[in-house]
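Working through the structure, step by step
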Amino acid sequence: MDPVIVVGAGPVGLTLSLALAAQGVPCVLLDEGPGTEEVRLARTVVLREDTADLVERLGAADLEKDGLRWSGWRSMRRKQLVREVPLGAGSEGSHDAGGSGDVHDFGDAGGSDVQGGPSLPAPLHIAQHALASALRAAVAAAPLVKLVPLSRIDTLEQDRDGVTVHTKGPGTTWWRGSYLVGCDGARSTVRKLLDIRFPGRTAVERHAVAALRADLPWPGEAVLHRQPPWRGGGAEVGARPLPDGIWRLDWLLPPSGELVTPDALITRIRDTLAGWCGETPPYELLDTGVHTLHHRLARRWRVQRAFLAGDAAHLLGALGTQGLDEGIRDAENLAWKLAHAWHHRGGDLLLDSYQAERRAAVAARLRAADQSLPILRGGGGLRTLVPGTVRGHDTLLADGHLGRGALGAPPSYSHSPLAPPHAEAHTTVGTPPGAPVADVRVTAPDGTAVRLRERLGQGHPLVILVAPGTGVWDRRHWLTAGIMPRLVEAVDALPSPAELLVTESYPGASAHTVLLVRPDGHLVAAFAGVRPAELFAAARAALGAAPGAGGGENGETGENGDDERGPARAPGPRERVHADRSARIN
């Protein structure tokens, strides 16, 4: 079968290529640029725990050296410290500055304080060029990925068996692939060739940005300061640390389109540093810029054998939401589905679920940001005098930056077309169906003990048995004791190869609970004991088999990919789309 063509060698395209290669799928990665990264310290990204783990599993080395995991989060308003949040291992949640010591769960958008909340994972803050360079090094070591620099796509053809593209550049040529994914950014050529609309809002927020080396009072902590008390402080300024004493400072600009001159930016820097430190400390200015944030969402993410991912499919970034985080989740979601289709000739339901899941998740994120913007940016008035308003606003802002709540929490695909119908054998655990599973410690039948997240992304589902005491028993005994032989037999009978793992405990699960987990780490279903028929049915559904469908492994044929879920049209002659004209596919 022909390789998958990935257009665009930014972090999302690189991640997708590596994820496909990890699952045995060859890729051609078409890079419009020369194959190098421009060093820009004012362009940084924040990776949540799940996305940082993914790129590290795929071979991106030295992220901990090139980036920094925040030790805490600090939010202030005027001269008041509103909240201080310890982050990472050993943290105890967030503490209100009023001295109560109450722990706050940021997953609760209502802002209630509760004792004993879970610790918050530390996001990884890294310069985008450093992340892309680490991914490029991993691609260079991946034999299944062919990176082709200076290749700009200008023609795209599709037929029932694959995709053909033409590229301009020093090596002008035609490329043939089984599928194509456009990861070529906000001005995506692939999206234009597919004639997909990209509606949304322009200039939702503007920020003046400076990267500098200085000693600030909160080493390792990210800071958000609203309505700072010094002259010219503006509505909001943030500071996010990087390694080697480097900070990225962001000033929220007024919506009027204020011109940021070099002199004006230097004044902002000096006033901000003096406001935080008492006087302007010595600093080294390394990079500057003005970032304009847009909110857009492509109407369709799949047309037959062509897909969109990353900024080609969506733009977001206001209120701390992270567009690259969502792009990496696009890559993880699409990679295992394309791999299954590539190896097993998967049907439309599995491939269509990429758009159904990821577009809905990003749309919910955009909707939450659009609903919060008028509240947070709408000005003062009586709302600023209502008790609890400041803390509620602070919670909304912290959610986006820290990866919690509607603005930042990892997505759940509870309404996915791959979700199996509810069965009497299903049971409830601490993770709802469709949500990411907890990263518990697991043991494989060969005795290997690892974190669950380390077994993800290998192209097959996981079956996990909750069996207290297995950690202290000799493996030879528990492999042949109790329900284990029946579970081994049930797993061997699944419609696709799956890996069987055992864990001592899982949040909310009783002994002998069996979990079925997708290759991307989302829970399919939990069962009370070994239920072979129900486990088989859930696995078929998770792999894209329509209920009651017959035929092949996935129960479907064809490559429709249309939003309307209508019948697939009969294959016509090869469709050609050129960059200099518009054409509608399907």
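Computed from a predicted structure; not experimentally measured.

Looking now at the overall build of the protein chain. For the protein chain, the helix and strand inventory stands at 13 helices and 29 strands. Residues classed as buried in the protein chain amount to 55% of the 586 residues present. Of all intrachain contacts in the protein chain linking residues separated by at least 6 positions in sequence, the fraction that spans at least 24 positions is 71%. Total accessible area computed for the protein chain in this model is approximately 24100 Å², and 52% of it derives from carbon and sulfur atoms.

So, on to the pattern of salt bridges. Pairing between side chains becomes possible if they bear opposite charge and their charged atoms approach one another. This model, assessed by the stated rule, comprises 33 salt bridges. For arginine 176, the salt bridge goes to aspartate 159, with nearest N and O atoms at 3.0 Å. You can see arginine 176 sitting in strand E13 (residues 173–177) and its partner aspartate 159 sitting in strand E11 (residues 152–159), a full 17 residues away along the chain. Given the relative accessible area of 29%, arginine 176 is considered partly exposed. The buried category is assigned to aspartate 159, whose relative accessible area is 18%. Note that aspartate 439 and arginine 451 form a salt bridge whose closest N and O atoms lie 3.9 Å from each other. In this pair, aspartate 439 sits in the loop between helix H10 (405–408) and strand E23 (441–443) while arginine 451 sits in strand E24 (residues 449–451), placing the two residues twelve residues apart along the sequence. Judged by relative accessible area, which is 34%, arginine 451 ranks as partly exposed. In this structure, a network of salt bridges that share partners links the residues Arg48, Asp50, Asp325, Glu326, Arg329, Asp330, Arg358 and Arg365.

Let's shift gears to the layout of surface pockets. Within this model, the second largest pocket holds a volume of roughly 1000 Å³. What lines the second largest pocket is a set of 39 residues, and nearest its centre among them are Glu49, Pro410, Pro436, Val437 and Arg453. Considered class by class, the residues forming the lining of the second largest pocket number 17 nonpolar, ten polar and twelve charged.

Strand order in this open sheet of three strands is E3-E9-E4, and the pairing throughout is antiparallel. Two strands bound the open sheet, and with one partner strand each, they are strand E3 (44–47) and strand E4 (67–69). The mean inter-strand angle of the sheet, taken between neighbouring strand axes irrespective of direction, is 20°. Note: E4 against strand E9 (residues 124–127), three bridges, orientation antiparallel. Residue pairing for E9: glycine 67 is matched across the bridge by isoleucine 126. On the sheet, helix H2 (residues 49–57) packs against E3, E4 and E9 and is oriented at approximately 105° with respect to E3. Sitting on the sheet, helix H4 (residues 128–140) is in contact with E3 and E9, with an inclination near 85° to E9.

The next thing to look at is helix H7 (residues 323–344). Across its 22 residues, H7 extends 32 Å between first and last C-alpha, which sits within 8% of the 32 Å expected from 1.5 Å per residue. Burial analysis of H7 places 20 of its 22 residues in the buried class, the great majority of the element. Once H7 ends, the next one or two residues include arginine 345, with phi positive near 60°.

With that settled, the discussion passes to the confidence of the model for the protein chain. When pLDDT is averaged across the protein chain, the result is 85; 83% of the residues are at 70 or more. Overall, residues 90–116 carries pLDDT values under 50, and its contacts beyond four positions in sequence, including any with other chains, amount to 62 contacts. When the criterion is pLDDT under 50, residues 380–388 qualifies, and its contacts beyond four places in sequence or with other chains add up to five contacts.

What follows is about the nonpolar core. The biggest cluster of nonpolar side chains holds 78 residues, and the ones touching the most others in it are Val4, Leu131, Leu156, Val165, Leu180, Val181 and Leu338. Counting residues per element, this core draws most heavily on H7, which supplies nine residues. The contacts of valine 165, once residues within four sequence positions are left out, are Ile5, Leu30, Ile153, Thr155, Leu156, Thr173, Trp174, Trp175 and Leu180. One finds Val463, Ala490, Leu535 and Ala542 within the second-largest nonpolar core, a separate group that totals 22 residues.

On to the sheet that holds strand E14 (residues 179–182), then. Spatial strand order, E10-E2-E1-E14-E21-E20: six strands in an open sheet with mixed pairing. With partners counted over all chains shown, the strands left at the sheet margins are strand E10 (145–148) and strand E20 (302–303), one partner each. Bridge count between E20 and strand E21 (residues 306–308): two bridges; the pairing is antiparallel. By the bridge assignment, arginine 302 is partnered in E21 with phenylalanine 307.

Along the chain, the position of threonine 267 falls in helix H6 (residues 262–277). On the basis of relative accessibility, which here comes to 40%, the residue threonine 267 falls in the partly exposed class.

Of note in the backbone geometry, arginine 78 takes a positive phi value of approximately 55° without being a glycine. Counting through the fold element by element, arginine 78 comes out in the loop between strand E5 (72–77) and strand E6 (80–86). Backbone geometry places aspartate 244, a non-glycine residue, at a positive phi of 65°. Within the secondary structure layout, aspartate 244 lies in the loop between strand E17 (236–242) and strand E18 (246–252). Given a relative accessible area of 63%, aspartate 244 falls into the exposed group.

Now for the pairing of strand E16 (residues 221–226). Here E16 lies mainly inside the structure; six of its six residues are buried. Bridging between E16 and E17 involves four bridges; their strand directions are antiparallel. Note that in E17 the partner of leucine 224 across the bridge is glycine 238.

Moving on, we get to the packing of aromatic side chains. The geometry of an aromatic ring pair is captured by the separation of the ring centres together with the interplanar angle, meaning the angle of the planes. Tallied over the entire structure, the rule returns five aromatic pairs. Pairing tryptophan 218 with tryptophan 276 gives two aromatic rings, centres 5.2 Å apart and planes at 80°, and the pair type is edge-to-face. With tryptophan 218 in the loop between strand E15 (200–213) and E16 and tryptophan 276 in helix H6, this residue pair connects regions lying 58 residues apart in the sequence. No difference in accessibility class separates tryptophan 218 from tryptophan 276, as the two residues are buried.

Turning next to the packing of helix H1 (residues 11–22) against H4. When two helices pack together, their arrangement is given by the angle between the helix axes and by the axis-to-axis distance. Contact geometry of H1 with H4 gives a least axis separation of 9 Å together with a crossing angle of 25°. Between H1 and H4, the angle is such that the two are roughly parallel. Along this stretch, H1 crosses H4, giving a crossing that reads as left-handed. Only Gln128, Leu131, Ala132, Leu135, Arg136, Ala138 and Val139 of H4 make contact with H1, whose side of the interface consists of Pro11, Leu14, Thr15 and Leu18.

The rules we used
Residues numbered from 1 in each chain as written. Predicted model: local features only at pLDDT ≥ 70, side-chain atom pairs only at ≥ 80, totals over all residues. Heavy atoms only, no water. Helix = DSSP H or I, 4+ residues; strand = E, 2+ residues; numbered from the N terminus. Buried < 20%, exposed > 50% of the residue type's maximum accessible area, 1.4 Å probe, protein only. Contact = heavy atoms within 4.5 Å. Areas by Shrake-Rupley, 256 points an atom, 1.4 Å probe, with all protein chains shown as cover. Salt bridge = Lys/Arg side-chain N within 4 Å of Asp/Glu carboxyl O. 1 Å grid on protein atoms, 1.4 Å probe; cavity = no way out; pocket = protein on both sides within 12 Å on 5 of 7 lines; lining within 4 Å. Points joined across faces, edges and corners; volume = space filled by probe spheres on them. Nonpolar A, V, L, I, M, F, W, Y, C, P; charged D, E, K, R; others polar. Pairing = 2+ DSSP bridges. Axes fitted to C-alpha atoms, helices over the stretch in contact; angles between N-to-C directions. Expected span 1.5 Å × (residues − 1). pLDDT = per-residue confidence, 0-100. Core = buried A, V, L, I, M, F, W, Y, C linked by side-chain atoms within 4.5 Å. Phe/Tyr/Trp six-rings, centres within 6.5 Å; stacked < 30°, edge-to-face > 60°. Parallel < 35°, antiparallel > 145°, perpendicular 65-115°, else oblique. Left-handed = near helix turned anticlockwise from the far one by under 90°.

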